[in-house]
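Structure at a glance
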2 protein chains.
Amino acid sequence: MLRLYDSRLSGNAWKVRILLTQLAIPFERVTLNLAKGAAAEPTFRAKSRFARVPVLELEDGRTIVESAAIMLYLAQGSPYLPDDPYLRAEVMSWLFFEQADLLRALALPRFYRMRGIADQMSGRIADFQEGAYSALGKLSDWLATHNWLVDNRYTIADIGMFGYVSLAPEGGYDMQRFPSIDAWLVRVKAQPGWVPLVEEISA
Amino acid sequence: MLRLYDSRLSGNAWKVRILLTQLAIPFERVTLNLAKGAAAEPTFRAKSRFARVPVLELEDGRTIVESAAIMLYLAQGSPYLPDDPYLRAEVMSWLFFEQADLLRALALPRFYRMRGIADQMSGRIADFQEGAYSALGKLSDWLATHNWLVDNRYTIADIGMFGYVSLAPEGGYDMQRFPSIDAWLVRVKAQPGWVPLVEEISA
């Protein structure tokens, strides 16, 4: 069985869990406690050369790192990744844009707030916001005239973009500026098999 | 013929030029003057939804954006991109790591220095350096025991990593800390078909 190393609140690992669930691929989840330094332990470093989650461990023990690389590997041949080379390039371009322009700028302010250090990091947060609001504007422009990022259908480009964009308010971002993004987040959450970041405990 | 929109000093566009040359694919180069606002013009925005170079324009007029997406498109079926799904995932993971952890941190301090505003940006540069030296350390660890990033051979993972890592000193990075990276840069530059960022005018 596939094994996914994640953490409870990682948005990047969440993307992989959404895809695995939507592909109906069974997997074992190993949730690390990053606050206790689990990512730095040698046994984990041997699985993850970048010392972070998510990591997908295959049945033969080989591992794949980086959320977008894992999604591209898992989605091959499925409806979530087009076979057509041009459309696949479009998927890639959105995935790279998200990782280059949005990931850190959305994730780190959220992390600073969770740690209670947002005030002392206010200068850095302002720098992140400057770049991220510009990138969010480009996403918003696209979604003003498209339901989905690629080929008018739900693909891993949407999952890759969804993770941290949906968590942006937790980093202090004012997403009310972007109604087209908000409408798209609702569409993504309505996809069959979508799972929340943290499962509610059922009554 | 393929058309590549680039700028004279873009490290991301340089990667695509290296690959096109190594694949012996003829292309027309359209070099934009970004300082004069060429990336914001509506005719260019119609080709590049992220308003930046590089952009690859296909013969039918469709365009592909983001350097790594362009390289993955061009390298299919060539020796520069493995067919094996696991090895291809390894290539992807290095490409995403470079875009997420190194691109902005290496490119923007270089840009500030070229613009003569490094002093007033010193706080931001310090923030970039904190993250980038950590990422460079991970790259250095890998290269201490591997000649290449994936499958013991030169692939687009190496080209994608090479661009801005080779330009890091222009952003003020002390690369003498990383002899294994330096040796790998020499190997990349020795690959047949490698081209410099700016062609020397021959005497």
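Parameters at a glance
- Counting restarts for each chain, with residues numbered from 1 along the sequence as it is written.
- Think of it this way: whatever chain is written first is A, whatever ligand is written first is 1, and the rest follow in order.
- Where totals are concerned, whole chains, interfaces and linings use all residues; where local detail is concerned, this predicted model gives features only for residues with pLDDT of at least 70, and gives and counts side-chain atom pairs only at 80 or more.
- Our superposition of the copies is a least-squares fit, built on the C-alpha atoms of residues whose pLDDT is at least 70 in both.
- Two residues qualify as being in contact provided that their C-beta atoms, derived from the backbone, are within 7 Å of each other.
- Following DSSP output, two strands are said to pair if at least two bridges run between them.
- Secondary structure elements are defined from DSSP: runs of H or I of at least 4 residues count as helices, runs of E of at least 2 residues count as strands, and each element is numbered from the N terminus.
- Convention adopted: a line fitted to C-alpha atoms gives each axis, helices being fitted over their contacting stretch, and angles between N-to-C directions are expressed from 0 to 180 degrees.
- Classification used: nonpolar for Ala, Val, Leu, Ile, Met, Phe, Trp, Tyr, Cys and Pro, charged for Asp, Glu, Lys and Arg, polar for all others including Gly.
- These domain boundaries are the output of an automatic or database domain assignment.

Time to look at the relation of the copies chain B and chain A. Superposition of chain B onto chain A requires a rotation of 180° combined with a translation of 0.0 Å along the rotation axis, giving an RMSD of 0.0 Å. When the rotation and shift are considered jointly, the pair of chain copies conforms to a two-fold rotation axis. Of the C-alpha atoms belonging to chain B, the one lying closest to the rotation axis is found on Ala100 of chain B, 2.3 Å away. Of the interface residues in chain B, 100% have counterparts in chain A that sit at the interface too, so the contact is made through matching surfaces.

Strands belonging to one sheet form pairs held by backbone hydrogen bonds; the direction of such a pair is parallel or antiparallel. Residue and element names in this part refer to chain A. A sheet is described by the order of its strands in space; here four strands give the open sequence 2-1-3-4, paired in mixed fashion. The open sheet is flanked by strand 2 (27–32) and strand 4 (63–65), the only strands paired with a single partner. Taken pair by pair, the neighbouring strands of this sheet meet at an average axis angle of 20°, ignoring direction. Taken together, the three bridges between strand 1 (residues 2–7) and strand 3 (residues 55–57) define a ladder with antiparallel strand orientation.

Moving on: unusual backbone geometry. Most peptide bonds are trans, and most residues other than glycine sit at a negative phi. All names here are of chain A. Cis geometry marks the peptide bond from Val53 to Pro54, where omega comes out at 0°. Mapped onto the elements of the fold, Pro54 is located in the loop between helix 2 (42–45) and strand 3. Phi is positive for Asp151, which is not a glycine, with a value near 60°. By the element assignment, Asp151 lies in the loop between helix 5 (122–143) and helix 6 (156–166). Located in the positive-phi region is Asn152, a residue other than glycine, with phi close to 55°.

Another point: the interface of chain B and chain A. It is common to give the size of an interface as the accessible area lost on bringing the parts into contact. Chain B puts 27 residues into the contact, and the matching count from chain A is 27 residues. Elements represented by at least two residues in the side of chain B that touches chain A include exactly strand 4 (63–65), helix 3 (67–75), helix 4 (85–115) and helix 5 (122–143) of chain B. Among the elements that make up the side of chain B that touches chain A, the one with the highest residue count is helix 4 of chain B (11 residues). For the side of chain B that touches chain A, a count of residues per class yields 16 nonpolar, four polar and seven charged.

This part takes up the domain arrangement of chain A. All names here are of chain A. For chain A, the assigned domains are domain 1 (2–75) and domain 2 (85–189). Here the C-alpha centroids of domain 1 and domain 2 sit 21 Å apart. Contributing elements (two or more residues each) for the side of domain 1 that touches domain 2: helix 1 (11–22) and helix 3 (67–75). With six residues, helix 1 is the largest single contributor of residues to the side of domain 1 that touches domain 2. Class assignment of the residues belonging to the side of domain 1 that touches domain 2 gives a composition of seven nonpolar, two polar and one charged.

So, on to the environment of Arg88 of chain B. All names here are of chain B. With respect to the secondary-structure elements, Arg88 resides in helix 4. With 67 residues separating them in the primary sequence, Arg88 and Thr155 have C-alpha atoms 9.9 Å apart. Excluding residues within four positions of it along the chain, Arg88 makes contact with Leu81 and Pro82.

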